[in-house]
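Summary of structural features
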Amino acid sequence: MEKIDCRSLLEAELSELCFNNGLSKFRGKQIFQWVQQKAIANWEEISNISHADKERISKFLYLRSGKLIREQKSKDGTRKYLFELGDGERIETVLMDYEKDNIRDRQTICISTQVGCPVGCAFCATGLEGFKRNLTVGEITGQVLDVLRMLKQEDSAFRITNVVFMGMGEPFLNYEAVLKAISILNSKNGQKIGMRRMTISTSGVVPKIIQLAKDNPQVGLAISLHSSQDELRDKLIPINRKYPLADLMTACHTYSQLTKRRVTFEYALHDENTNKTEAQGLVRLLQGMAAHVNLIPVNPVSGSKVRRPTKEKMLRFKKMLEEAKIAVSFREEKGIDIDAACGQLRQRLECEKA
Ligand code: SAH
Ligand code: SF4
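Given the structure is predicted, the values throughout are model-derived calculations rather than measurements. (Residues numbered from 1 in each chain as written. Chains lettered and ligands numbered in written order. Predicted model: local features only at pLDDT ≥ 70, side-chain atom pairs only at ≥ 80, totals over all residues. Heavy atoms only, no water.)

Let's talk about unusual backbone geometry
- A positive phi angle, near 55 degrees, is found at Ala-39, a position not held by glycine.
- Mapped onto the fold, Ala-39 is located in the loop between helix H2 (25-37) and helix H3 (51-60).
- With relative accessibility at 1%, the residue Ala-39 sits in the buried group.
- For Lys-325, which is not glycine, the phi dihedral falls at a positive 65 degrees.
- You can see Lys-325 is positioned in the loop between helix H12 (311-323) and strand E14 (328-330).
- Judged by relative accessible area, Lys-325 falls into the exposed class, the value being 76%. (Helix = DSSP H or I, 4+ residues; strand = E, 2+ residues; numbered from the N terminus. Buried < 20%, exposed > 50% of the residue type's maximum accessible area, 1.4 Å probe, protein only.)

Set out below in structure tokens:
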């Protein structure tokens, strides 16, 4: 019998599976709690299930943690982890601004959804490396569990309160797995992370924007916009050729009407997209929508020609948006000293390996 990854199952699925394998359904609930709430790394840690039952469980379920290859700590508190998966592929997970957020009682983790990414954005380290495969549900929830387990060893009260799907990969090209991982992370016997405290970031996979509004209207949505002009966006984010700005914005308007939620727009500032034409275009696109723009100075990555604008240019751009009454903020740069832009750590280690 092929074993199933216990980190990929909902509580009800675990109960059913236990029942079908001659155990009580209650065992499923217990296993779910140990795995998803207490973040155990092996069956031995379970204290309320008999040895005989654990033997049986290990015949149809497996429990595997990501292997930590490297951890980097930024001066600003951000921590970045490189994990190796069962097949040797590597992914990145970032815990943002750990110390500072501790004061605010908020801990945000940024997780990956794919190994590499097929979208291939011009400024993104992950995109420049191409696509390997989708992550499984267990590999997605596993990032939260592995980081939680490590941090709990430093501080037993440590909790993760917010999740952003902004690591490696395009979450909407691994839609089913991402939504299931979200349900698991939200479970009352698991991490109980509020739906509204989880945000999916997409480069603009239009059909999935509408589907998300129907499937899970509580989850937050962020759009990686980066340009208000199709000509430039086609170059920056190649998926724009398939889903151009008009279609993307129609989907966002529909999403915001259906969910009554504000949409976040990510805008990585670089030399080509930080000008008056772009600002005016952005104002037109966002008119009449509950929106918030996050400006992020682009993080230069090797292999990309994209360059960061001067501070004055960035501030002028921000001011143009403010004057048009667009809600806008500069997103603080997290972990710039540890290559925290997605895909960068992996990229550097690949170079070191070569
Ligand atoms: N694939 C999804 C989510 C992962 S990328 C998406 O593109 O939305 C998370 C965010 O980081 C996106 O907004 C992406 O555009 C941004 N990003 C990627 N590389 C960057 C870089 N070098 N500098 C600044 N932002 C970057
Ligand atoms: Fe993929 Fe997002 Fe990187 Fe674009 S920015 S290549 S969509 S991970």
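We are not done yet, so read on.
Overview of the site of ligand 1
- Taken together, 19 residues are adjacent to ligand 1, and Gly-169, Ser-201, Ser-224, His-226 and Asn-299 come closest.
- In this structure, a nitrogen atom belonging to ligand 1 sits 2.9 Å away from a main-chain N or O atom of Phe-123.
- Between ligand 1 and the protein, one listed contact pairs an oxygen atom with a side-chain N or O atom of Ser-201 at 2.7 Å.
- Relative to its unbound accessible area of 530 Å², ligand 1 is 94% covered by the protein chains.
- Looking at the shell around ligand 1 residue by residue, the class counts come to nine nonpolar, eight polar and two charged.
- Two domains each put at least three residues into the shell around ligand 1: domain 2 (66-195 + 344-354) and domain 3 (203-331). (Near = heavy atom within 4 Å. Polar contact = N/O pair within 3.5 Å; in protein donor to acceptor, adjacent residues only side chain to side chain. Areas by Shrake-Rupley, 256 points an atom, 1.4 Å probe, with all protein chains shown as cover. Nonpolar A, V, L, I, M, F, W, Y, C, P; charged D, E, K, R; others polar. Domains from an automatic or database assignment.)

Observations regarding the sheet that holds strand E11 (residues 220-224)
- As summarised here, the arrangement of the ten strands in space is E3-E4-E5-E6-E9-E10-E11-E12-E13-E14, forming an open sheet in which the pairing is mixed. What marks the edges here is a single partner per strand, and that holds for strand E3 (67-73) and E14. Averaged over all neighbouring strand pairs, the angle between strand axes comes to 20 degrees, with direction disregarded.
- With six bridges joining them, strand E4 (residues 79-84) and strand E5 (residues 90-96) adopt antiparallel strand pairing. (Pairing = 2+ DSSP bridges. Axes fitted to C-alpha atoms, helices over the stretch in contact; angles between N-to-C directions.)

Structural notes on the domain arrangement of the protein
- Domain parsing of the protein yields domain 1 (4-62), domain 2 (66-195 + 344-354) and domain 3 (203-331).
- Taken together, the contact between domain 2 and domain 3 spans 19 residues of the former and 29 residues of the latter.
- In total, about 1800 Å² of surface goes out of reach between domain 2 and domain 3, with carbon and sulfur atoms giving 67% of it.
- Interface area lost by domain 2 to domain 3 is led by Phe-123, Phe-172 and Tyr-175, which between them contribute 37%.
- When residues in the side of domain 2 that touches domain 3 are grouped by element, the largest group, four residues, is from helix H7 (residues 175-186).
- Class assignment for the residues of the side of domain 2 that touches domain 3 results in 14 nonpolar, three polar and two charged. (Contact = heavy atoms within 4.5 Å. Buried area = accessible area lost by both parts, 1.4 Å probe.)

What about the packing of helix H8 (residues 206-215) against helix H10 (residues 245-259)?
- At a closest axis distance of 9 Å, the pairing of H8 and H10 adopts a crossing angle of 5 degrees. With respect to H10, the element H8 is oriented roughly parallel. Touching Val-206, Ile-209, Ile-210, Leu-212 and Ala-213 of H8 are Asp-247, Leu-248, Ala-251, Thr-254, Tyr-255, Leu-258 and Thr-259, all from H10.
- A class-by-class count of the residues in the contact of H8 with H10 yields nine nonpolar, two polar and one charged. (Parallel < 35°, antiparallel > 145°, perpendicular 65-115°, else oblique.)

Topic: the site of ligand 2
- Cys-117, Val-119, Gly-120, Cys-121, Cys-124, Gly-127, Gly-169 and Ser-203 make up every residue found near ligand 2.
- Residue composition of the shell around ligand 2, by class: four nonpolar, four polar and no charged.

A few points about the pairing of E11
- Most of E11 is tucked away: five of the five residues are buried.
- Alternating positions in E11 separate into two faces, Gly-220, Ala-222 and Ser-224 on one and Leu-221 and Ile-223 on the other, with burial throughout.
- Relative to strand E12 (residues 263-269), E11 runs parallel, the two being bridged by three bridges. Across the sheet, the residue bridging to Ile-223 is Phe-265, located in E12.

Examining helix H6 (residues 137-154)
- When the terminal C-alpha atoms of H6 are compared, their 27 Å separation across 18 residues agrees well with the 26 Å that a helix rising 1.5 Å per residue should span.
- Of all the bends in H6, the greatest, near 30 degrees, is centred on Gln-143.
- The element H6 is largely enclosed, with a buried count of 13 among its 18 residues. (Expected span 1.5 Å × (residues − 1). Bend = angle between axes of the 7 residues up to and from the residue.)

Describing the side chain of Thr-202
- Checked against the element boundaries, Thr-202 lands in strand E10 (residues 198-202).
- At 2.8 Å, the side chain of Thr-202 and the side chain of Glu-170 are in polar contact.
- Sequence-distant contacts of Thr-202, defined by excluding residues within four places in its chain, comprise Glu-170, Phe-172, Ile-209, Leu-221, Ala-222, Ile-223 and Ser-224.

Some thoughts on the packing of helix H1 (residues 11-20) against H2
- The N-to-C vectors of H1 and H2 enclose an angle of 135 degrees; their axes lie 7 Å apart at closest approach. Considering the angle they form, H1 stands oblique to H2. When the axes of H1 and H2 are compared, the crossing they make is right-handed. Two secondary-structure elements touch here, H1 through Glu-11, Leu-14, Ser-15, Glu-16, Cys-18 and Phe-19 and H2 through Lys-25, Arg-27, Gly-28, Lys-29, Ile-31 and Phe-32.
- Residue composition of the contact of H1 with H2, by class: five nonpolar, two polar and five charged. (Left-handed = near helix turned anticlockwise from the far one by under 90°.)

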